[in-house]
Amino acid sequence: MSAHAVIEAPTSCAVLPVVGSDTLVPLVDGRSVPYANLDVAASAPALQVVADRVNEVLPLYASVHRGAGYLSQVSTALYEAARQTIGAFVGAREDDVTIVTRNTTDSLNLLAGCVPAQADGTPGRVLVLDVEHHANLLPWQRTGGATVLVGGATVAETLSGLRAELSRFPYALVAITGASNVTGESLPLAEVVAAAHDAGARVLLDGAQLVPHRGVSLAASDVDYVAFSGHKTYAPFGAGALVGRRDWLDAGTPYLAGGGAVRNVTLDGTTWQSAPARHEAGSPNVIGAVALASACDALAALEPGLLVAHETELRARLVEGLEEIDGVRVVRAWADAVDPVGVVTFSVDGHDAGLVASYLSAEHGIGVRDGRFCAHPLLARLGLPAGAVRASIGVGTTGEEIERLLSALRAWASEGSKARYEVVDGCWVVSDDPRPLLQVAGLSGLIATAAAGDITAAVGCGPAPA
């Protein structure tokens, strides 16, 4: 495409109102602008209807499952109704189990304790790809039964490698991402399911990036298990779900040992509940479950195809605009991938990703993600061991925010930054940053806390160690 080609700016408005869409953030030049949240792949803002539902339910909050009081009965009903809503949102089959967890990572660690062992007692074999988020890699590595398949340059090549590997050993499970949190790309789900089931293996879908943007139906796809997070599905932090076939979950090691997960306890042993209670020991997160169910209801009520069209338009504009800017390279895992979700990762030649992200925030009020996105093996294979920049799109993203990002990057390419930046304890910051912190309790010590250690090392998403 010509560097001078004119592309009509997207006019898309938000599909659903989100909390904080009118929040103003300070810039280093003294102005304040509306925050452009292009980091929804990490944590999506809560829908306004979800916040309203939480406020409605908070006065009814009480103990769950074993309380005789009226509000305990109300809270129990709310929790179990939320479970039904969450399962229905992902097309749960009649005998599927919906377990309320903390997030996708929690769900995948739970399932890792339920994969049946092989006949000789060794861990059941699990096949994963190197494109996975760490949440769908580390639990399987830790159990000792994981084989990591390096993806090919194309979808076709990767599928061929998957089929070949499945023919070599009797795998119990294929654990695969629904959409990459780095590129937004995916493998064709129907072909993965067919290959796995033909080989006698089940399929676990990491739906963290797919469920909120494309939806998933276990019944229609024949996927065996799906895991996803509330905080990526426009609900506040703290609740997620694992939904899938009952037998493994009924027989698997209880995820937590504690009250609520047991039928009877003596000094000599314990009789455990079946799923879902088997894996939900302790007092459950009623408000979190209700919030996630409310988000599921709101997404399910959208006009069919509306969200896909919205995100597809904005993603296409973003990719086209990025490819027009000298020195910017859009990252792709597969040359022939189709229908990616609204996640776009890019690099800027000669510039550290953390510096670019800091510039976008300090001088333009734009929030993006930088680093290795908890997908270290994939970034290394794609030649980006030091990380890249990721912009991501959701129901609250507008065309103006996409254009603001592109305008900011064009200004970077032609003029550079106006502020001075330096690395402090592994993080790019504005030198003598004049911006005040928002007047929120707890923020006064934020900078001092962050400076106490190497934040990039702590979160595990910074550049690879030298």
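Residues numbered from 1 in each chain as written. Predicted model: local features only at pLDDT ≥ 70, side-chain atom pairs only at ≥ 80, totals over all residues. Heavy atoms only, no water.

A. Region of interest: the sheet that holds strand β6 (residues 146–149). Across the sheet, which stays open at both edges, the 7 strands sit in the order β4-β10-β9-β8-β7-β5-β6 with mixed pairing between neighbours. Each end of this open sheet is capped by a strand with a single partner; those strands are β4 (97–101) and β6. Pairs of neighbouring strands in the sheet enclose a mean axial angle of 20°, with direction left out of account. Direction of pairing for strand β5 (residues 126–129) relative to β6: parallel, over a ladder of 4 bridges. Counted as the bridge partner of V128 is V148 from β6. Where helix α3 (residues 104–112) meets the sheet, it contacts β4, β7 (173–177), β8 (202–206), β9 (225–229) and β10 (240–244), and its direction lies at approximately 150° from that of β9. (Pairing = 2+ DSSP bridges. Helix = DSSP H or I, 4+ residues; strand = E, 2+ residues; numbered from the N terminus. Axes fitted to C-alpha atoms, helices over the stretch in contact; angles between N-to-C directions. Contact = heavy atoms within 4.5 Å.)

B. Structural context of the packing of helix α10 (residues 306–324) against helix α13 (residues 399–415). Here α10 crosses α13 at 10°, and the two axes come no closer than 10 Å. Considered as vectors, α10 and α13 are oriented roughly parallel to each other. Across the interface between the two elements, L314, R317, L318, G321 and L322 from α10 touch G399, I402, E403, L405, L406, L409 and R410 from α13. (Parallel < 35°, antiparallel > 145°, perpendicular 65-115°, else oblique.)

C. A look at the UniProt feature "domain: Aminotransferase class V" (unreviewed entry) in the protein. Per the UniProt annotation, the sites labelled "domain: Aminotransferase class V" (unreviewed entry) are residues 37–405. A distance of 10 Å separates the end C-alpha atoms of residues 37–405, which is 37% helix and 17% strand. (UniProt positions renumbered as here; feature names shortened; annotations may be inferred.)

D. Looking closely at unusual backbone geometry. Following A275, the chain continues to P276 via a peptide bond in cis, the omega torsion being 5°. Note that P276 resides in the loop between β12 (269–272) and α9 (286–300). Backbone geometry places D222, a non-glycine residue, at a positive phi of 65°. Its place among the elements puts D222 in the loop between α7 (218–221) and β9.

E. Region of interest: the pattern of salt bridges. One pass over the structure, following the stated rule, counts 25 salt bridges. For E165, the salt bridge is made with R168, and the minimal N-O distance between the two is 3.1 Å. The salt bridge involving R214 is made with E311; its shortest N-O contact spans 3.8 Å. Of this pair, R214 sits in the loop between β8 and α7 while E311 is found in helix α10, placing the two residues 97 residues apart along the sequence. For R214, a relative accessible area of 21% corresponds to the partly exposed category. (Salt bridge = Lys/Arg side-chain N within 4 Å of Asp/Glu carboxyl O. Buried < 20%, exposed > 50% of the residue type's maximum accessible area, 1.4 Å probe, protein only.)

F. Region of interest: the pairing of β9. Most of β9 is tucked away, with 5 of its 5 residues classed as buried. Residue alternation in β9 divides its side chains into two sets, Y225, A227 and S229 and V226 and F228, and both sets are buried. Sheet topology places β8 next to β9; 3 bridges connect them, and they run parallel. Bridge assignment links L205 to a residue of β9, and that residue is V226. Relative to β10, β9 is paired through 5 bridges, and the arrangement is antiparallel. In the strand pairing of β10, V226 is matched with V243.

G. Main features of helix α6 (residues 189–198). If you check which residues of α6 are buried, you get V192, V193, A195 and A196. Projected down its long axis, α6 carries its buried residues within an arc of 165°, all on one side. Opposite the buried face of α6, at more than 90 degrees from it, the exposed residues are A190 and D198. Structurally, α6 contributes buried residues whose contacts are with α5 (155–166), β7, β8 and α7. Just downstream of α6, G200 is the residue with a positive phi angle, here 85°. (Arc of directions from axis to C-beta.)

H. Structural detail: the sheet that holds strand β13 (residues 328–330). Read from one edge to the other, the open sheet built from 4 strands follows the order β13-β14-β17-β16, with strand pairing classed as antiparallel. The sheet is open, and its two borders are formed by β13 and β16 (369–371), each paired with just one other strand. Each neighbouring strand pair of the sheet contributes to a mean axis angle of 30°, computed without reference to strand direction. Direction of pairing for β13 relative to strand β14 (residues 343–348): antiparallel, over a ladder of 3 bridges. Bridge assignment links V330 to a residue of β14, and that residue is F346.

I. Up close: a nonpolar patch on the surface. On the surface, L60, Y70 and L71 cluster together into a nonpolar patch covering about 300 Å² of accessible area. Mapped onto the secondary structure, Y70 falls in helix α2 (residues 70–89). Residue Y70 is classed as exposed on the basis of its relative accessible area of 65%. (Patch = residues over 30% accessible without salt bridge, like charges linked within 9 Å, V, L, I, M, F, W, Y side chains within 5 Å. Areas by Shrake-Rupley, 256 points an atom, 1.4 Å probe, with all protein chains shown as cover.)

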